[in-house]
Amino acid sequence: MILSTIRMKIPPQKKGEALKILRSFVEQCRGFSGCLSCHFYEDLQEIDVLMVTEVWRDEEDMNLHLRSDEYRNLLLVMEMALIQPEIRFDTISSSKAIEVIEKARIHA
C-alpha cells in the first residue's frame, strides 16, 4: 500500500475555491481503481492549512491516478499555496488494528 500526504498552506482569499475543488477531487478519487481511501482535512490550529491523504493498493494504481485529469485539479490547488506544499509518498508494508492497543494495554 502507498500513503500519499499533501499539506498545503492556502491564502484566505483562495480557501473557498480550494475547498470546492478538493471536495470534488476526493469524490472522484474514491472512484478510482485501487483507491482504498481519500480524504481532505482542515487544520484546527492553522486555519489556512489543508491536507489531502490517499491510500493506494499499489504503485501502478497510484501512477494511473497521478496522470489523470482529475489529479490536475489537485495540482491547481497546490499552485494556490503560499509556500511549496509538503508532499510525501510512504510505502506501508503492513497494517494492524485494535489488537495493537489491546496487546499493549494487557501488558501495562
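Residues numbered from 1 in each chain as written. Predicted model: local features only at pLDDT ≥ 70, side-chain atom pairs only at ≥ 80, totals over all residues. Heavy atoms only, no water.

### Focus: the overall build of the chain
The helix and strand tally for the chain stands at 4 helices and 4 strands. For the chain, the spread of C-alpha atoms along the three principal axes comes to 50 × 35 × 20 Å. Looking at the chain residue by residue over its 108 residues, the buried ones come to 34%. Summed over all atoms, the accessible surface of the chain reaches about 7,300 Å², with 53% contributed by carbon and sulfur. The centroid of the 14 positive side-chain charges in the chain is displaced by 4 Å from the centroid of its 18 negative side-chain charges. (Helix = DSSP H or I, 4+ residues; strand = E, 2+ residues; numbered from the N terminus. Buried < 20%, exposed > 50% of the residue type's maximum accessible area, 1.4 Å probe, protein only. Areas by Shrake-Rupley, 256 points an atom, 1.4 Å probe, with all protein chains shown as cover. Lys, Arg positive; Asp, Glu negative; His and termini not counted. Charge placed at Lys NZ, Arg CZ, Asp CG, Glu CD.)

### Description of the sheet that holds strand β2 (residues 35–42)
The sheet built from 4 strands is open, its strands ordered β2-β3-β1-β4 with antiparallel pairing. A single partner strand is all that each edge strand has here, and the edge strands are β2 and β4 (86–91). Along the sheet, successive strands turn relative to each other by an average axial angle of 10°, direction set aside. Sheet topology note: the strand β1 (residues 2–9)/strand β3 (residues 49–56) ladder contains 8 bridges and is antiparallel. Looking at β3, one finds that I6 is bridged to V52. Across the sheet, helix α1 (residues 15–30) touches β1, β2 and β3, and the angle it forms with β2 is around 165°. (Pairing = 2+ DSSP bridges. Axes fitted to C-alpha atoms, helices over the stretch in contact; angles between N-to-C directions. Contact = heavy atoms within 4.5 Å.)

### A closer look at the pattern of salt bridges
According to the stated counting rule, one finds 8 salt bridges in the structure shown. Residue D69 is joined to R72 by a salt bridge in which the shortest nitrogen-to-oxygen separation is 3.4 Å. Of the two residues, D69 and R72 both sit in helix α3 (residues 69–80), 3 residues apart, roughly one turn of that helix. Taking the relative accessible area as the measure of exposure, D69 reaches 52% and is therefore exposed. Among the salt bridges present, the one from D90 reaches R88, with a minimum N-O distance of 2.7 Å. Salt bridges sharing common partners tie together R7, E46 and E86. (Salt bridge = Lys/Arg side-chain N within 4 Å of Asp/Glu carboxyl O.)

### Here we look at the pairing of β1
Here 6 bridges tie β1 to β4, and the two strands are oriented antiparallel to one another. Paired with S4 across the bridge in β4 is F89.

### Considerations on the state of the cysteines
Within this structure, the stated rule accounts for 0 disulfides. Left unpaired, C29 is separated from the closest cysteine sulfur, that of C38, by 3.2 Å. With a relative accessible area of 1%, C29 lands in the buried category. (Disulfide = S-S within 2.5 Å.)

### Observations concerning the packing of α1 against α3
Packing of α1 against α3 brings their axes to within 9 Å, and their N-to-C directions diverge by 155°. The angle between α1 and α3 falls in the class roughly antiparallel. Crossing of α1 over α3 shows left-handed handedness. Within the contact between the two elements, α1 uses E17, A18, I21, L22, F25 and Q28 and α3 uses E70, Y71, N73, L74, V77 and M80. (Parallel < 35°, antiparallel > 145°, perpendicular 65-115°, else oblique. Left-handed = near helix turned anticlockwise from the far one by under 90°.)

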